[in-house]
Amino acid sequence: MKIESLQPGTHYSNQDLCKIFLCAPQGGMRRSKRTNTLVLIANHIKSTYDDRWEDGVLNYTGMGQTGNQSLEGNQNITLFESDTNGVEVHLFEVFKKRIYTYKAQVQLASDPFQEKQDDGDGWARTVWVFPL
């Protein structure tokens, strides 16, 4: 299967995502240099991150489970610069365990911003939020 043939609303397995995008099998932000893509997973079952829909925009929380998030040394910078770096960003949502529902190829809807969220240990920290 090719990236271009993905259909919004269709369910895929983690193995499918790895084969289609040539990406890693884990993580909420999966960069593939071979396909020049960034796969985003918004897991609505159990997550440290507060990914939420507001007025048709998904506020997607950046990478980093503990402590303050940074734009350096991770995929947050890839998503931050996605309007200009040529990387295609594709969004999947999880509502049932191991079922990845394709939303669409997405782009930033407005400038990323920072807010406070609790980390996995319950400590307040600063995260990056990407409106998609």
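Residue numbers here run from 1 along each chain, matching the order of that chain's written sequence. Reporting in this predicted model follows two pLDDT cut-offs: at least 70 for local features of residues, and 80 or more for side-chain atom pairs to be given and counted; totals over whole chains, interfaces and linings ignore these cut-offs and use all residues. The basis for every side-chain value is the complete set of heavy atoms in the structure, and neither hydrogens nor water enter the calculation.

A. A look at the environment of Cys23. Helix and strand assignments come from DSSP, with helices taken as H or I runs of at least 4 residues and strands as E runs of at least 2, each series counted from the N terminus. Structurally, Cys23 is set in the loop between helix 1 (14-21) and strand 2 (29-32). Only protein chains enter the accessibility calculation, which uses a 1.4 Å probe; a residue is then buried when its area is under 20% of its type maximum, exposed when over 50%, and partly exposed in between. Among the residues examined, Cys23 registers a relative accessible area of 10% and is labelled buried. Taking C-alpha positions, Cys23 is 8.1 Å from Val39, a pair spaced 16 residues apart along the chain. Residue contacts are counted whenever heavy atoms from the two residues lie within 4.5 Å of one another. With residues up to four places along the chain from it excluded, the contact list for Cys23 reads Leu17, Cys18, Arg30 and Ser32.

B. Structural context of helix 1. Those residues of helix 1 that sit buried are Leu17, Cys18, Ile20 and Phe21. Against the buried residues of helix 1 lie strand 1 (11-12), strand 2, strand 3 (37-43), strand 6 (88-96) and strand 7 (99-106). Trailing helix 1 by a residue or two, Leu22 shows a phi angle of about 55 degrees, which is positive.

C. The arrangement of the packing of aromatic side chains in detail. Geometry of aromatic contacts follows a simple scheme: Phe, Tyr and Trp rings, the Trp one being its six-membered ring, pair when their centres are within 6.5 Å, and the pair is stacked under 30 degrees between planes, edge-to-face over 60, tilted otherwise. Applying the stated rule across the entire model yields four aromatic pairs. Ring geometry for Phe21 versus Phe92: centroids 6.0 Å apart, planes at 90 degrees, classification edge-to-face. Highlighted residues: Phe21 in helix 1 and Phe92 in strand 6, separated in sequence by 71 residues. Among the residues examined, Phe21 registers a relative accessible area of 0% and is labelled buried. Ring geometry for Phe92 versus Tyr102: centroids 5.0 Å apart, planes at 55 degrees, classification tilted. Taken together, the residues span a long stretch of sequence, with Phe92 in strand 6 and Tyr102 in strand 7 at a distance of ten residues. Take Phe92 and Tyr102: they sit in the same class, and that class is buried.

D. Here's a closer look at the pairing of strand 9 (residues 124-131). Extensive coverage of strand 9 is indicated by the burial of seven of its eight residues. Any two strands with at least two DSSP-identified bridges between them are counted as paired. Direction of pairing for strand 5 (residues 57-61) relative to strand 9: antiparallel, over a ladder of three bridges. Counterpart to Tyr60 in the pairing with strand 9 is Phe130. The pairing of strand 8 (residues 113-118) with strand 9 spans six bridges and is antiparallel. In the sheet register, Glu115 faces strand 9, and the bridge partner there is Val127. Where strand 8 hands over to strand 9, the hairpin turn is made up of five residues, of which Gly122 adopts a positive phi near 90 degrees.

E. Structural view of the sheet that holds strand 9. Spatially, the four strands line up as an open sheet ordered 4-5-9-8, and their pairing is antiparallel. The open sheet has two edge strands, strand 4 (52-54) and strand 8, and neither has a second partner. Looking at each pair of strands side by side, their axes are set apart by 40 degrees on average, direction ignored. Every axis in this analysis is a line fitted to C-alpha atoms, fitted for helices over the stretch in contact. Angles between the N-to-C directions lie between 0 and 180 degrees.

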